[in-house]
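# Report on the structure
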Amino acid sequence: MTSDQWQTIKALPQTPLVSLFDEDPDRVANFGLEQAGIYFDFSKTHLDATAVQAFDKLADELDLAGRVNALLSGEPINVSEGRAAEHSAERGTGNPASVDNAAMLHQRMKSLIEVIETGVLGDFTQIIHLGIGGSALGPKMLHQALKLGDEKYELAVVSNIDGAALEPVLERFTAAKTLLVVASKTFTTAETLLNAHAVLDWMREDGVADPLGQVVALTAAPEQAVEWGVDETRILPFSETVGGRYSLWSSISFSLALALGYEAFEDLLAGAATMDQHFRDTPWAKNIPALAAFADQYYAQVRGCETRAVFAYDERLGLLPDYLQQLEMESNGKSVTLDGEPLALQSSPIVWGGIGTDAQHAVFQLLHQGSHLVPVEFLAVVEPGHSLGPAHHHGLLLNCFAQGAALMAGKKSDDSHRNYPGDRPSVTILLEDLEARSLGALLAFYEHRTFVNAVLLNINPFDQFGVELGKQMANALAADDGNRLDASTEELKKRAFGPGQ
Ligand code: F6P
């Protein structure tokens, strides 16, 4: 523990949820906050006024206000890499020079979309977007959430080095009609570049005379993309200070903006800006990202919860749990503090989840009766994403609300097999509609929540050195330069590729 205030927080009375409702008749109003058409219900968490006060004090001790200011004004808060983290500048919140630069780069992206729309570059109706991690998860998740199905462009996002991911797309698509979008912040990522070469070969084999003429690159390393062969006019750069998992606000969303229309991208940014302002200007006790992080830290440090589950009761949000896994686990899965000292707290929870109601019939058993205490997050949307009539959507939402109620209330039984302990926490996030604007606000909420968690943990959420070692070892295995790895790994290699490989 880094501060005496953590001891105070650890010693908070552990009042059951139902008693918290009995004690405070205004609990729903006090812990239900609204912003940008999204209602966040924290009333089914164990936060009460005393706990919020205690976290408020911890936040002051850790200078959360100063850290938020440093984040939003473009100071180099990514200390291990010596740079700023300027994703919010992409949506107009931040250092004026960075905001202007982002706006200029967005304008460039808009102009390229307009050029593509004229047809001078080709008669494109299909887009293959290649990228991995932050260069794919955001656009893919947003496209699934926002597409109506009648768009001019068919979009396929391919990440994996497994050819089984790319091959079916190549079988379905027509080379002459395909725009290849290579999304990579560094433009060195092995999976993305291997897939890009495979698509170029496929185009060539299918008679496309100039495959590179059908390529757009999205990157913070434009010189690498030029070297790779992409024409400068079709390179859409973004700033090095925008982290990969925070990059959907940049040109990384080019394919999405082309597929859904540039206006959708602008709405996404506008929604995020609303949440930025709320985050910057609201006292912590009513600050939605801060309150969510207080609950996260309460469950991690006080109740020892090692995971948090996210269930979207909406098919359109099916990829959100994957997106949040990267955002939270790659940001806050660290074991050292900002000063490089061992972290004495539990870092990012393991984020997992799925889709409701499917998950109810698969994993909810553990949530209701398992020995783990898992804080659950439910997401639902008031406006349905289909026109099948009210029965489906009512059923969906009622199931979602019933789960939160059941987790909290539980049900006593003399038969221990049929006993539900209850007092299990959840947060419900209810969106009025699923539009680019509300999604922008929602995703900015998650980013800021992740940042507050990092401040409370005193860690740097903006580097990701943990992913490097695996990449280095994969390269070492591929190089086959005579250097041997451990015996187990050598045996696996021999079995897969034969002796001497
Ligand atoms: O391997 C992790 C990572 O670096 C992520 O942080 C990043 O989003 C992803 O790989 C892709 O990297 P790039 O955009 O440079 O191809």
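Values in this document were obtained by computation on a predicted structure and should not be read as measured data. (Residues numbered from 1 in each chain as written. Predicted model: local features only at pLDDT ≥ 70, side-chain atom pairs only at ≥ 80, totals over all residues.)

### Some points on the overall build of the chain
Heads up, the rule is: We count a stretch as a helix when DSSP gives it H or I for four or more residues in a row; a strand needs E for two or more, and each element gets its number in order from the N terminus. Values of the radius of gyration come from C-alpha atoms, whereas the globule rule sets the reference at 2.2 Å times the count of residues to the power 0.38. Buried, partly exposed and exposed are defined by the number of other C-beta atoms within 10 Å of a residue's own C-beta, namely 20 or more, between the two limits, and 12 or fewer respectively, with C-beta atoms placed from the backbone.
If you tally the helices and strands in the chain, you get 19 helices and 11 strands. For 501 residues, the compact-globule estimate of 2.2 N^0.38 gives 23 Å, and the chain sits close to it at 24 Å. Structurally, the chain occupies a C-alpha span of about 75 × 60 × 50 Å along its principal axes. Buried residues in the chain amount to 44% of all 501 residues.

### Structural notes on the site of the ligand
As a reminder of what qualifies: Whether a residue is near a molecule or strand depends on its C-beta atom, placed from the backbone, lying within 6 Å of it. Under the convention adopted here, Pro, Cys and the residues Ala, Val, Leu, Ile, Met, Phe, Trp and Tyr are nonpolar, Asp, Glu, Lys and Arg are charged, and Gly plus all remaining residues are polar.
Inspection of the region around the ligand gives 14 residues, with G133, G134, S184, T189 and G244 positioned closest. Class assignment of the residues belonging to the shell around the ligand gives a composition of two nonpolar, nine polar and three charged.

### Quick notes on unusual backbone geometry
For the bond running from G356 to T357, omega is 10°, close enough to zero to count as cis. With respect to the helices, strands and loops of the structure, T357 is situated in the loop between β9 (350-355) and α15 (364-369). Of note, A36 is a non-glycine position whose phi angle comes to about 55°, a positive value. In this structure, F187 is a non-glycine residue whose phi angle is positive, near 55°. Along the chain, F187 falls in the loop between β5 (178-183) and α9 (190-205).

### Overview of the pairing of strand β10 (residues 376-381)
Note the following rule: By this definition, two strands are paired if DSSP reports at least two bridges between them. A clockwise course of the path from the first strand over the helix to the second, judged with the strands pointing away from the viewer, identifies a crossover as right-handed.
Within β10, six of the six residues are buried, which leaves the element mostly enclosed by the surrounding structure. Neither face of β10 is open: one carries V376, F378 and A380, the other E377, L379 and V381, and all of them are buried. Examined bridge by bridge, strand β8 (residues 307-313) and β10 share five bridges and lie parallel to one another. By the bridge assignment for β10, Y313 is matched with A380. Taking the sense of rotation as the criterion, the β-α-β connection linking β10, helix α16 (residues 390-409) and strand β11 (residues 426-431) turns out right-handed.

### Focus: the confidence of the model for the chain
Let me state the cut-off plainly: As a per-residue measure, pLDDT tells how confident the predictor is, with possible values from 0 to 100.
Per-residue confidence for the chain averages 96 on the pLDDT scale, and 99% of its residues sit at or above 70. Interface confidence for the predicted complex, given as ipTM, is 0.98, next to a pTM of 0.97.

### Brief notes about the nonpolar core
Note the cut-off: Defined on buried residues, the nonpolar core groups Ala, Val, Leu, Ile, Met, Phe, Trp, Tyr and Cys residues joined through C-beta atoms within 7 Å. Working definition of a contact: two residues with C-beta atoms, positioned from the backbone, lying within 7 Å.
I128, V181, V216, A272, F294 and A295 are the most contacted members of the largest nonpolar core, which has 133 residues in total. At 13 residues, the largest contribution of residues to this core is made by helix α17 (residues 436-457). If we ignore the near neighbours within four places in the chain, the residues touching V181 are I127, I128, H129, L130, V216, L218, F254 and S255.

### A word on helix α14 (residues 320-332)
Defined as follows: Expected helix span is taken as 1.5 Å per residue step, with the number of steps being one fewer than the number of residues.
In this model, α14 (13 residues) spans 18 Å end to end at C-alpha, consistent with the 18 Å of a helix rising 1.5 Å per residue. All of the buried residues in α14 are L320, P321, Y323, L324, L327, E328, E330, S331 and N332. Where α14 is buried, its residues meet α7 (137-146), β8, β9, β10 and α17.

### Section: the UniProt feature "active site" (unreviewed entry) in the chain
Rules: UniProt positions are given in the numbering used here, feature names are shortened, and annotations may be inferred rather than shown by experiment.
In this numbering, the UniProt entry assigns the feature "active site" (unreviewed entry) to E330, H361 and K471. With a sequence span of 142 residues, these residues are also far apart in the fold, their greatest C-alpha distance being 37.3 Å. Note that H361 resides in the loop between β9 and α15. With respect to the helices, strands and loops of the structure, K471 is situated in helix α18 (residues 468-479).

### Observations regarding the domain arrangement of the chain
You'll often see interface size given as the accessible area lost when the parts meet. We apply this condition: Where a domain begins and ends is set by an automatic assignment or by a domain database.
With domains assigned, the chain is organised as domain 1 (4-82 + 268-457), domain 2 (95-260) and domain 3 (466-497). Here the C-alpha centroids of domain 2 and domain 3 sit 31 Å apart.

### A short note on the sheet that holds β5
Using the following cut-off: Only the contacting stretch of a helix is used when fitting its axis, a line to C-alpha atoms as for every element, and angles between N-to-C directions run 0 to 180 degrees.
Spatial strand order, β4-β3-β5-β6-β7: five strands in an open sheet with parallel pairing. Looking along the sheet, the strands with just one partner apiece sit at the ends: β4 (154-158) and β7 (235-237). Ignoring which end each strand starts from, the neighbouring axes of this sheet average 15° apart. Here three bridges tie strand β6 (residues 215-219) to β7, and the two strands are oriented parallel to one another. Pairing of L218 across the sheet is with L236, part of β7.

### Remarks on the sheet that holds β9
An order of β1-β2-β11-β10-β8-β9 is seen for the six strands of this open sheet, with the pairing classed as mixed. Two strands bound the open sheet, and with one partner strand each, they are β1 (32-35) and β9. Direction aside, neighbouring strands of the sheet carry axes that sit 15° apart on average. Pairing of β8 with β9 involves six bridges; the strand directions are parallel. By the bridge assignment for β9, T307 is matched with I350. α16 rests against β8, β10 and β11 of the sheet, and its axis sits at about 160° to β10.

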